[in-house]
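Each chain is listed here by its residues.
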Amino acid sequence: MQTLTLECFLEKAEQRKAVAGLDESEAAVDARRNKGGRRTPAKRLLLRSTERRARAAGANLVASYY
Amino acid sequence: MALPADYIGALGRLADAFAAYEAEAGSVAVLVGGAAAAIHTGGAFMSADFDIVAAGDEAFANAMATTGFLRDTAAGHGLGGWYHPDFPAYGVEQVSGGYFDGKADKERCLRLIVRDGSAIVLPAIEDLIADRLGQHEVSQGDASMLEQAKALYTIAQGLDLTYLVRRIEDEGGNPAHLGL
């Protein structure tokens, strides 16, 4: 199993994205988000609970469809 | 777009749990699904949940509890959800089943050290592309899995194309979506 640091891995990912010209516009990012239609009931509950907890804590919300 | 600091922080706690799990179970837990794709793409999208494959239910529960994660009682029963109180915007779910139903080569996984020797383990990018394409085939009109697969494929370097095509077919996906 190949081992490297997360920091190094993410640096390389940024470089590869730049070289490939990966579209990271808001529309492209949203297109990659699971729209939630096939989520399990357990996952819907988890995401709903997570969103409530994040709101209560004043944390930055991660957009999720569920 | 890079992964935000609190996401990296949450991964640090998860890495602690992975280390505790491996110490008790003698096998690795693997972060799969959208979070794995998000990390592989350096945050080209994000999800609020971390899906984890870990064969030992009791060892996984022990590892999570000893590293500060709490059961998310609002998330129902089953294998259950977890969260870390320092990172409330993220939930963790242990998903059922084996690592890609035993069809993937686990030795191809990546071990990413997050801090102090604690690491998370991700699928090889080939396995993740295959998983996303397989899910696309049953996605009922949601193109997000295909878009994730395309993003992964676009930035991948040094792909083992023979393995990739076999794995896409294993997962019921269509290699033609990537021009293969």
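Since the structure is predicted, the reported quantities are computational estimates derived from the model, not experimental observations.

Asks: Whenever I open this one, the packing of helix H4 (residues 125-136) of chain B against helix H6 (residues 161-170) of chain B confuses me. Can you help?
Replies: All names here are of chain B. It is the contact of H4 with H6, at a shortest axis distance of 8 Å, that shows an interaxial angle of 30°. Between H4 and H6, the crossing angle belongs to the class labelled roughly parallel. Handedness of the H4/H6 crossing: right-handed. Across from Glu-126, Asp-127, Ile-129, Ala-130 and Leu-133 in H4, the residues of H6 making contact are Tyr-163, Leu-164, Arg-167, Ile-168 and Asp-170. Of the residues assigned to the contact of H4 with H6, the class counts are six nonpolar, no polar and four charged.

Asks: What's the story with the pairing of strand E4 (residues 81-84) of chain B in this structure? I'm lost.
Replies: Looking along a regular strand, one sees the side chains alternate between the two faces of the sheet. Residue and element names in this part refer to chain B. Where burial is concerned, the two faces of E4 agree: the one with Gly-81 and Tyr-83 and the one with Trp-82 and His-84 are both buried. As defined by bridge partners, strand E3 (residues 70-71) adjoins E4 across two bridges and the pair is classed as antiparallel. Opposite Arg-71, over in E4, you have Trp-82 as the bridge partner. Here three bridges tie E4 to strand E5 (residues 87-94), and the two strands are oriented antiparallel to one another.

Asks: I tried to follow the sheet that holds strand E7 (residues 118-122) of chain B on my own but got confused; where do I start?
Replies: In spatial order, the strands read E1(A)-E6(B)-E7(B); together these three strands make up an open sheet with mixed pairing. Either end of the sheet is taken by a strand with one partner, and the two such strands are strand E1 (2-5) of chain A together with E7 of chain B. Strand after strand, the sheet turns through a mean of 30° between neighbouring axes, direction not considered. Two strands pair when backbone bridges link them, and E1(A) and strand E6 (residues 110-115) of chain B are joined in this way by four bridges, in the parallel orientation. Among the inter-strand pairings, A:Thr5 is bridged to a residue of E6(B), identified as B:Ile113. Along the sheet, helix H1 (residues 6-20) of chain A makes contact with E1 of chain A together with E6 of chain B, crossing E1(A) at roughly 90°.

Asks: Teacher, can you tell me more about the domain arrangement of chain B here?
Replies: Quoted interface sizes are often the accessible area lost when the parts come together. Under the domain assignment used here, chain B contains domain 1 (5-123) and domain 2 (126-174). Classifying every residue of the side of domain 1 of chain B that touches domain 2 of chain B gives six nonpolar, two polar and two charged.

Quick notes on the rules
Residues numbered from 1 in each chain as written. Chains lettered and ligands numbered in written order. Predicted model: local features only at pLDDT ≥ 70, side-chain atom pairs only at ≥ 80, totals over all residues. Axes fitted to C-alpha atoms, helices over the stretch in contact; angles between N-to-C directions. Helix = DSSP H or I, 4+ residues; strand = E, 2+ residues; numbered from the N terminus. Parallel < 35°, antiparallel > 145°, perpendicular 65-115°, else oblique. Left-handed = near helix turned anticlockwise from the far one by under 90°. Contact = placed C-beta atoms within 7 Å. Nonpolar A, V, L, I, M, F, W, Y, C, P; charged D, E, K, R; others polar. Buried ≥ 20, exposed ≤ 12 C-beta atoms within 10 Å, placed from the backbone. Pairing = 2+ DSSP bridges. Domains from an automatic or database assignment.

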